[in-house]
Amino acid sequence: CYPPLTAQLVPGAFVLDVVDEGGLALSNPALRQVLLNVLLFVPFGMLVRRRGRPGGMLTVVLGLAASALIEVTQLTGTFGLAACQYRLLDVDDVLLNGVGALLGAVAAPLVWRLPGQPDARLRALPRPLTPWRRLGAMAIDVGVSIGIGGAVMVLGIGGVGIVVLLASGSEREAPVALVGAIGAVVGASGAVAAAVVHLLVVLRTGRTVGELAGWLDARLESGERAGAGRRLARWAAGIGGWTLVSGFAFDPVTQSLAVGWAVAAIVVAFRSPAHSGLPLRITRQLARDARDPR
């Protein structure tokens, strides 16, 4: 830990820093920091505008919110996981990141005018079903489980850490023993939260998050959509059940079960009809491209 840091809450203070440290020269570290803070969020603005297609103002608001989350993470020492605040909260960073998001939002429509952009009509045509599309969807589902579980774990442990630090007065050491004691419980809670999110998505759409991202759909062998019972079963036989088993894998038996389940899912993704995967075959469904009009 460094000496206590004081948050920088004066908007526009970076201008004086740039002037004091050398002016408008790229050798000036203060100027480089300003430019890099802007450039950092240009891709964010472009991606949000092109993929989500919100307006420019909403894109900037989302950029400011994401940047503010970063600054709060720094202010709280990663939500109490660190023993101290080790990075400076700077309101100018948020503002400059917002400028970057704005530039990205403005530039996003211009990209379509560059040579070599894909034809929108071609993007609407169905694509072949390959095992790699299935594996890609599975990887996204696993990433969602890890992301949600990790977020719950960090917020849970960090919240306990912050409470203990505030209650301890001048005691500034991180509560390592307490954090270790609750780690398993919070980790399991993260797995439950991730499994619930997957369940809601599957029940609502009949597809997993990865399948939605990969333009994959699922139908019964008769061509009809599966009902709630089959959707629940495919969740339990797929990412939902696997996430719960992995989250509670505290012994060699459950750990081996989680690994074996993942291996079986990968093998079936290559060997099943239309590369439908393990949970779809168990519930007697077939995969298809979501853009297929049939």
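By convention here, each chain's residues receive numbers from 1 onward along its written sequence. Only residues with pLDDT of 70 or above have their local features reported here, since the model is predicted, and side-chain atom pairs are shown and tallied only from 80 upward, although totals for entire chains, interfaces and linings are computed over all residues. Remark: hydrogens and water are excluded; side-chain values derive from all non-hydrogen atoms of the structure.

A.B. asks: I'd like a rundown of the nonpolar core, residues and numbers included.
C.D. replies: Counting residues in each nonpolar core, the largest one holds six residues, listed as Val18, Ala30, Leu31, Val34, Val38 and Leu96. The way it works is that DSSP assigns letters per residue, a run of H or I at least four long becomes a helix, a run of E at least two long becomes a strand, and they are numbered from the N terminus. For this core, the element with the most residues is helix H2 (residues 29–40), which contributes four residues. Definition of nonpolar core: a set of buried residues of the types Ala, Val, Leu, Ile, Met, Phe, Trp, Tyr and Cys, connected through side-chain atoms within 4.5 Å. Exposed residues in this analysis have more than 50% of their type's maximum accessible area, buried residues have under 20%, and partly exposed residues fall in between, with area computed by a 1.4 Å probe over protein chains only.

A.B. asks: Any details on the pattern of salt bridges? Residues and values, ideally.
C.D. replies: A side chain with one charge can pair with a side chain of the opposite charge if their charged atoms come near. Note on definitions: salt bridges are taken to be side-chain nitrogens of Lys or Arg within 4 Å of carboxyl oxygens of Asp or Glu. The full count for this structure, using the stated rule, is eight salt bridges. A salt bridge links Glu211 to Arg134; the shortest N-O distance between them is 2.8 Å. With Glu211 in helix H9 (residues 209–213) and Arg134 in helix H7 (residues 131–167), this residue pair connects regions lying 77 residues apart in the sequence. Note that Asp217 and Arg219 form a salt bridge whose closest N and O atoms lie 3.7 Å from each other.

A.B. asks: Pulling in residues and values, what's your account of H2?
C.D. replies: To estimate how far a helix should reach, multiply one less than its number of residues by 1.5 Å. The end-to-end C-alpha distance of H2 is 16 Å, a good match for the 16 Å that twelve residues give at a rise of 1.5 Å each. Among the residues making up H2, those that are buried are Ala30, Leu31, Val34, Asn37 and Val38. Looking straight down H2, one finds its buried side chains confined to an arc of 125°; they lie on one side. Away from its buried face, by an angle of more than 90 degrees, H2 presents the exposed residues Leu36, Leu39 and Leu40. Counted as a polar contact is a pair of N or O atoms within 3.5 Å, where, for protein atoms, one must be capable of donating a hydrogen and the other of accepting one, and residues adjacent in sequence contribute only when both atoms are in side chains. One side-chain oxygen at the N-terminal end of H2 lies 3.0 Å from the backbone nitrogen of Ala30; it belongs to Asn28. The arc in question is the one traced by the directions running from the helix axis out to the C-beta atoms.

A.B. asks: Break down the side chain of Arg234 for me, with residues and values.
C.D. replies: As for its placement among the helices and strands, Arg234 is situated in helix H10 (residues 228–237). Within polar-contact distance, the side chain of Arg234 engages the side chain of Glu211 at 2.9 Å. Contact definition: two residues touch when any of their heavy atoms are within 4.5 Å. Every residue in contact with Arg234, bar those within four places of it in the chain, is listed here: Val202, Gly206, Arg207, Thr208, Glu211, Ala218, Pro279, Leu280, Thr283 and Gln285.

A.B. asks: Which residues make up the environment of Met57, and what are the values?
C.D. replies: Take Met57: it is sitting in helix H4 (residues 56–75). For the pair Met57 and Ala105, spaced 48 residues apart in sequence, the C-alpha to C-alpha distance is 8.7 Å.

A.B. asks: Can you tell me about the side chain of Asp93, naming the residues and giving the values?
C.D. replies: Here Asp93 shows up in helix H5 (residues 91–111). For the purpose of charge, His is not counted, nor are the chain termini; Lys and Arg are scored as positive and Asp and Glu as negative. We note that Asp93 is buried and unpaired, the nearest opposite charge coming from Arg87 at a distance of 6.2 Å. When residues no more than four places from it in sequence are discounted, the contact partners of Asp93 are Gln33, Asn37, Ser67 and Glu71.

A.B. asks: Explain the packing of H4 against H5 to me, and be specific about the residues and the numbers.
C.D. replies: Convention adopted: a line fitted to C-alpha atoms gives each axis, helices being fitted over their contacting stretch, and angles between N-to-C directions are expressed from 0 to 180 degrees. Contact geometry of H4 with H5 gives a least axis separation of 8 Å together with a crossing angle of 145°. As for how H4 packs across H5, the hand of that crossing is right-handed. Residue-level contacts link Gly56, Thr59, Val60, Gly63, Leu64, Ser67, Ala68 and Glu71 of H4 to Asp93, Val94, Leu95, Asn97, Gly98, Ala101, Leu102 and Ala105 of H5. Split by residue class, the contact of H4 with H5 holds eight nonpolar, six polar and two charged. Should the near helix be turned anticlockwise from the far one by less than a right angle, the crossing is left-handed, and should it be turned clockwise, the crossing is right-handed. Asp, Glu, Lys and Arg are counted as charged, while Ala, Val, Leu, Ile, Met, Phe, Trp, Tyr, Cys and Pro are counted as nonpolar; the rest, among them Gly, fall into the polar class.

A.B. asks: If you had to explain the packing of H2 against H5 to someone new, which residues and values would you point to?
C.D. replies: Between H2 and H5, the shortest axis-to-axis distance is 6 Å and the interhelical angle comes to 50°. In terms of orientation, H2 lies oblique with respect to H5. For the pair H2 and H5, the sense of crossing is right-handed. Residues Gln33, Val34, Asn37, Val38 and Leu40 of H2 touch H5, and the partners they reach there are Asp93, Leu96, Asn97, Val99, Gly100 and Leu103. A breakdown of the residues in the contact of H2 with H5 according to their chemical character gives six nonpolar, four polar and one charged. Should an angle fall under 35 degrees it is taken as roughly parallel, and over 145 as roughly antiparallel, whereas 65 to 115 is taken as roughly perpendicular and any remaining angle as oblique.

A.B. asks: Report on the packing of aromatic side chains, specifying residues and quantitative values.
C.D. replies: To pair, rings of Phe, Tyr and Trp, with the six-membered ring standing in for Trp, must have centres within 6.5 Å; the planes then decide the type, stacked if under 30 degrees apart, edge-to-face if over 60, and tilted in the middle. Under the defined criterion, the tally for this structure stands at two aromatic pairs. Ring geometry for Phe41 and Phe44: centres 5.3 Å apart, planes at 40°, overall tilted. Overall, Phe41 belongs to the buried group, its relative accessible area being 6%. Taking 5.3 Å as the distance between ring centres and 90° as the angle between the ring planes, the aromatic pair formed by Trp132 and Phe270 counts as edge-to-face. With Trp132 in helix H7 and Phe270 in helix H12 (residues 252–271), the pair connects residues that are 138 residues apart, well separated along the chain. We classify Trp132 as exposed; its relative accessible area is 60%. The class for Phe270 is partly exposed, based on a relative accessible area of 34%.

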